[in-house]
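Observations on the model geometry
So the chains spell out like this:
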Amino acid sequence: MEIAALLFVVLTGFFFNVLPWLCALCSRKASGAKKLIWFLLSFFGSWLGYAVYYFLIVKPEWEDKPARPDKRVPRNENGMPIKMVERN
(Lines give C-alpha, C1' and ligand atoms only; values in the text may rest on other atoms or scores of the structure.)
Protein backbone atom coordinates (compact mmCIF):
# COMPACT_ATOMS: atom_id res chain seq x y z
CA MET A 1 0.00 0.00 0.00
CA GLU A 2 2.88 2.37 0.74
CA ILE A 3 4.32 1.83 -2.73
CA ALA A 4 0.99 2.73 -4.33
CA ALA A 5 0.77 5.92 -2.25
CA LEU A 6 4.33 6.88 -3.13
CA LEU A 7 3.68 6.20 -6.80
CA PHE A 8 0.52 8.32 -6.65
CA VAL A 9 2.42 11.25 -5.08
CA VAL A 10 5.22 11.03 -7.63
CA LEU A 11 2.84 10.86 -10.60
CA THR A 12 0.67 13.69 -9.27
CA GLY A 13 3.76 15.82 -8.72
CA PHE A 14 4.93 15.06 -12.24
CA PHE A 15 1.58 15.91 -13.85
CA PHE A 16 1.11 19.18 -11.98
CA ASN A 17 4.71 20.39 -11.74
CA VAL A 18 6.86 18.99 -14.54
CA LEU A 19 4.46 18.18 -17.36
CA PRO A 20 3.18 21.77 -18.00
CA TRP A 21 6.62 23.24 -18.62
CA LEU A 22 7.77 20.14 -20.46
CA CYS A 23 4.78 20.50 -22.82
CA ALA A 24 5.62 24.18 -23.27
CA LEU A 25 9.13 23.26 -24.39
CA CYS A 26 7.93 20.53 -26.76
CA SER A 27 5.06 22.47 -28.28
CA ARG A 28 5.06 23.03 -32.05
CA LYS A 29 2.43 25.78 -31.83
CA ALA A 30 4.91 28.28 -30.37
CA SER A 31 8.47 29.04 -31.29
CA GLY A 32 11.31 31.28 -30.27
CA ALA A 33 10.54 33.88 -27.64
CA LYS A 34 6.90 32.77 -27.29
CA LYS A 35 8.04 29.23 -26.39
CA LEU A 36 10.48 30.64 -23.86
CA ILE A 37 7.78 32.83 -22.28
CA TRP A 38 5.35 29.89 -22.01
CA PHE A 39 8.09 27.77 -20.48
CA LEU A 40 9.00 30.41 -17.90
CA LEU A 41 5.36 31.09 -17.00
CA SER A 42 4.55 27.41 -16.50
CA PHE A 43 7.84 26.77 -14.67
CA PHE A 44 7.32 29.59 -12.18
CA GLY A 45 3.63 28.70 -11.91
CA SER A 46 4.58 25.24 -10.68
CA TRP A 47 6.82 26.80 -8.03
CA LEU A 48 4.02 29.16 -7.07
CA GLY A 49 1.79 26.13 -6.52
CA TYR A 50 4.46 24.59 -4.32
CA ALA A 51 4.81 27.82 -2.32
CA VAL A 52 1.05 27.92 -1.71
CA TYR A 53 1.12 24.29 -0.58
CA TYR A 54 4.09 24.93 1.70
CA PHE A 55 2.68 28.02 3.43
CA LEU A 56 -0.86 26.64 3.79
CA ILE A 57 -0.17 23.00 4.69
CA VAL A 58 3.41 22.33 5.76
CA LYS A 59 4.39 25.45 7.70
CA PRO A 60 1.32 25.65 10.02
CA GLU A 61 1.87 22.04 11.12
CA TRP A 62 5.55 22.76 11.73
CA GLU A 63 4.81 25.91 13.79
CA ASP A 64 2.17 24.18 15.94
CA LYS A 65 4.57 21.58 17.28
CA PRO A 66 6.39 22.62 20.45
CA ALA A 67 10.15 22.63 20.42
CA ARG A 68 10.25 20.28 23.40
CA PRO A 69 7.73 17.52 23.90
CA ASP A 70 5.50 17.67 26.98
CA LYS A 71 6.38 14.14 28.05
CA ARG A 72 8.97 14.13 30.78
CA VAL A 73 11.39 11.26 31.13
CA PRO A 74 11.25 9.70 34.61
CA ARG A 75 14.66 9.84 36.32
CA ASN A 76 16.11 8.32 39.46
CA GLU A 77 17.79 10.19 42.32
CA ASN A 78 21.04 10.41 40.33
CA GLY A 79 19.37 11.98 37.32
CA MET A 80 19.66 8.89 35.13
CA PRO A 81 16.63 7.99 32.96
CA ILE A 82 14.58 5.10 34.26
CA LYS A 83 13.88 2.43 31.64
CA MET A 84 10.20 1.71 31.58
CA VAL A 85 9.18 -1.86 30.76
CA GLU A 86 5.93 -2.33 28.85
CA ARG A 87 3.81 -5.16 30.18
CA ASN A 88 1.19 -6.98 28.14
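As a reminder, the structure under discussion sits directly above these lines.
Attention in this report is confined to the structure presented alongside it. The structure displayed is predicted, hence computed values, not measured ones. (Residues numbered from 1 in each chain as written. Predicted model: local features only at pLDDT ≥ 70, side-chain atom pairs only at ≥ 80, totals over all residues. Heavy atoms only, no water.)

A cluster of nonpolar side chains, Trp 47, Leu 48, Tyr 50, Val 52, Tyr 53, Leu 56, Ile 57 and Val 58, forms an exposed patch at the surface whose accessible area comes to about 820 Å². You can see Ile 57 is positioned in helix α2 (residues 33-64). Residue classification places Ile 57 among the partly exposed residues on the basis of a relative accessible area of 43%. (Patch = residues over 30% accessible without salt bridge, like charges linked within 9 Å, V, L, I, M, F, W, Y side chains within 5 Å. Areas by Shrake-Rupley, 256 points an atom, 1.4 Å probe, with all protein chains shown as cover. Salt bridge = Lys/Arg side-chain N within 4 Å of Asp/Glu carboxyl O. Helix = DSSP H or I, 4+ residues; strand = E, 2+ residues; numbered from the N terminus. Buried < 20%, exposed > 50% of the residue type's maximum accessible area, 1.4 Å probe, protein only.)

With the rule as written, the count across this model stands at zero disulfides. The thiol of Cys 23 is not disulfide-bonded; the next cysteine sulfur, from Cys 26, is found 7.0 Å away. (Disulfide = S-S within 2.5 Å.)

The subject of this paragraph is the packing of aromatic side chains. Inspection of every chain in the model, using the stated rule, returns one aromatic pair. Both rings, one in Tyr 54 and one in Phe 55, keep their centres 5.1 Å apart while their planes meet at 85 degrees; by these two values the pair is edge-to-face. (Phe/Tyr/Trp six-rings, centres within 6.5 Å; stacked < 30°, edge-to-face > 60°.)

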